[in-house]
Amino acid sequence: MPKVDFRLNTLADARLGDKASLADLAHIAALNGATLIQYRDKTSSTREMIEQARAIAAALAVTGVPFVVNDRIDVALAAGANGVHLGRDDMDAATARSIMGDTAIIGLTVKNEADAETAIASPIDYACIGGVYETLSKHNPDPPVGLEGFATLRAALLAAKPDLPVGAIAGINSQRAAEVVAAGADGVAVIFTTAVDPAAATYELRACVDKALREASR
């Protein structure tokens, strides 16, 4: 059985911090269908990141939903997170595994065939393919892979690691969640919503993913 339930990975992006408490948003997301929380921060100091990650970890402690830190293994370890999500410019997964241990959750971003080959050869617990669609949430020099590109990369991972959970990221909404699941995704990764009702928005997206997964399994 996979270590990670990737149906709904919600990202606590630091840029939302001036609009709402990331810890509060993480708690709301976890109670309304998120199955994995990721803290992403490209600008704060290490000290600030550790404080923020500890607050998120504390907010999630009673929910049972695991929590990973984007890029930063030091912050994940210092905050007591469940693991780390790595990109192509971060520490390699094998080294991260040797530092964090067998129980840690290690995820990897896949953007092209070379990344897929790396994922296949790496001791990871999930992969996330993207960006699938255009997104404004972060600077991304790589063009979107699109549904067809997603399906191709997904097929390569499936052939080599049939039990590896694989998600889709970038520009995902309820309609697109159904599209990527139909193309082979086990779930989606989205930025925390600061909608008027984040609980309802999270619940709705999780419901869309679950419905799409049921239809894909028929």
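Everything below is about the structure shown above.
Quick summary incoming for the structure in this document.

## Things to note about the overall build of the protein chain
Here's step 1: Assigned secondary structure in the protein chain consists of 8 helices and 8 strands.
Here's step 2: Taken over the C-alpha trace, the protein chain has a radius of gyration of 16 Å; the compact-globule value for 218 residues is 17 Å, and the two agree within 12%.
Here's step 3: In terms of overall dimensions, the protein chain has a C-alpha envelope of 40 × 40 × 35 Å along the principal axes.
Here's step 4: The burial tally for the protein chain puts 45% of its 218 residues in the buried class.
Here's step 5: A fraction of 63% describes how many contacts in the protein chain between residues 6 or more apart in sequence connect residues 24 or more apart.
Here's step 6: Surface exposure of the protein chain reaches about 10,300 Å², of which carbon and sulfur atoms provide 53%.

## Some details on helix H7 (residues 174-182)
Here's step 1: Restricting attention to buried positions, one finds in H7 the residues Ala 177, Val 180 and Val 181. Angularly, the buried residues of H7 cover 100° about the axis, an arc narrow enough to put them on a single face. Seen from the open side of H7, the exposed residues pointing more than 90 degrees away from its buried face are Gln 175 and Ala 182.
Here's step 2: Where H7 is buried, its residues contact helix H6 (146-160), strand S7 (166-169), strand S8 (187-191) and helix H8 (198-216).
Here's step 3: A side-chain oxygen of the first residue of H7 lies 3.2 Å from the backbone nitrogen of Gln 175; this N-cap is Asn 173.
Here's step 4: Taken from the residues just after H7, Gly 184 is the one with a positive phi, measuring 120°.

## Considering the environment of Asp 210
Here's step 1: Positionally, Asp 210 belongs in helix H8.
Here's step 2: Along the sequence, Asp 210 and Ala 170 sit 40 residues apart, while their C-alpha atoms lie 19 Å from each other.

## Points about the packing of aromatic side chains
Here's step 1: Tallying each qualifying case throughout the model produces 1 aromatic pair.
Here's step 2: Ring plane angle 35° and centroid distance 5.0 Å describe the contact between Phe 6 and Tyr 126, whose orientation is recorded as tilted. Of this pair, Phe 6 sits in the segment before strand S1 (8-13) while Tyr 126 sits in strand S6 (residues 126-130), and the two are 120 residues apart along the sequence. Across the pair, Tyr 126 and Phe 6 agree in class, each one buried.
Here's step 3: A cation over a ring is seen here: Arg 176 above Tyr 133, with NZ or CZ 4.0 Å from the ring centre.

## Thoughts on the side chain of Gln 38
Here's step 1: Examined against the element boundaries, Gln 38 turns out to sit in strand S2 (residues 36-40).
Here's step 2: Among the polar contacts listed, one links the side chain of Gln 38 to the side chain of Asn 70, at a separation of 2.7 Å.
Here's step 3: Excluding residues that lie within four positions of it along the chain, Gln 38 makes contacts with Asn 9, Thr 10, Leu 11, Ala 12, Val 68, Asn 70, His 85 and Tyr 126.

## Details of the pairing of S6
Here's step 1: Buried residues dominate S6, accounting for 5 of its 5 residues.
Here's step 2: Here S6 shows no split at all, with Tyr 126, Cys 128 and Gly 130 on one side and Ala 127 and Ile 129 on the other all buried.
Here's step 3: Here 4 bridges tie strand S5 (residues 105-110) to S6, and the two strands are oriented parallel to one another. Within S6, the residue paired with Leu 108 across the bridge is Ala 127.
Here's step 4: Handedness of the β-α-β unit built from S5, helix H5 (residues 113-121) and S6 comes out right-handed.
Here's step 5: Bridge count for S6 against S7 is 4 bridges, and the pairing is parallel. Note on S7: the bridge partner recorded for Ala 127 is Val 166.

Cut-offs used in this document
- Positions within a chain are numbered from 1, following the residues in the order the chain's sequence is written.
- Thresholds applied to this predicted model are a pLDDT of at least 70 for local features of residues and 80 or more for the giving and counting of side-chain atom pairs; totals over whole chains, interfaces and linings are not thresholded and use all residues.
- As a rule here, side-chain values come from all non-hydrogen atoms in the structure, and water together with hydrogens is ignored.
- In this text, helices come from DSSP runs of H or I with a minimum length of four residues, and strands from runs of E with a minimum of two, each type numbered from the N-terminal end.
- In this setup the radius of gyration rests on C-alpha atoms only. A globule is expected at 2.2 Å times the number of residues raised to 0.38.
- Accessible area is worked out with a 1.4 Å probe on protein chains only. A residue is then buried under 20% of its type maximum, exposed over 50%, and partly exposed in between.
- Contacts are residue-level and defined by heavy atoms, with any inter-residue pair within 4.5 Å sufficient.
- The protein chains shown are the only cover counted for residues, whose accessible areas, like all others here, come from Shrake-Rupley with a 1.4 Å probe.
- Directions from the helix axis toward the C-beta atoms define the arc.
- In protein, a polar contact means a hydrogen-donor-capable atom and an acceptor-capable atom, both N or O and within 3.5 Å, with residues adjacent in sequence counting only if both atoms are side-chain atoms; elsewhere, any N or O pair within 3.5 Å suffices.
- The rule is short: rings of Phe, Tyr and Trp, with Trp giving its six-membered ring, pair when the centres are within 6.5 Å, and they are stacked under 30 degrees, edge-to-face over 60, tilted in between.
- Counting as a charge over the ring demands two things of the Lys NZ or Arg CZ atom: a distance within 6 Å of the ring centre and an angle within 35 degrees of the ring normal.
- Here a strand pair is declared whenever DSSP counts at least two bridges between the two strands.
- Look down the strands so they point away from you; if going from the first strand over the helix to the second traces a clockwise path, that crossover is right-handed.

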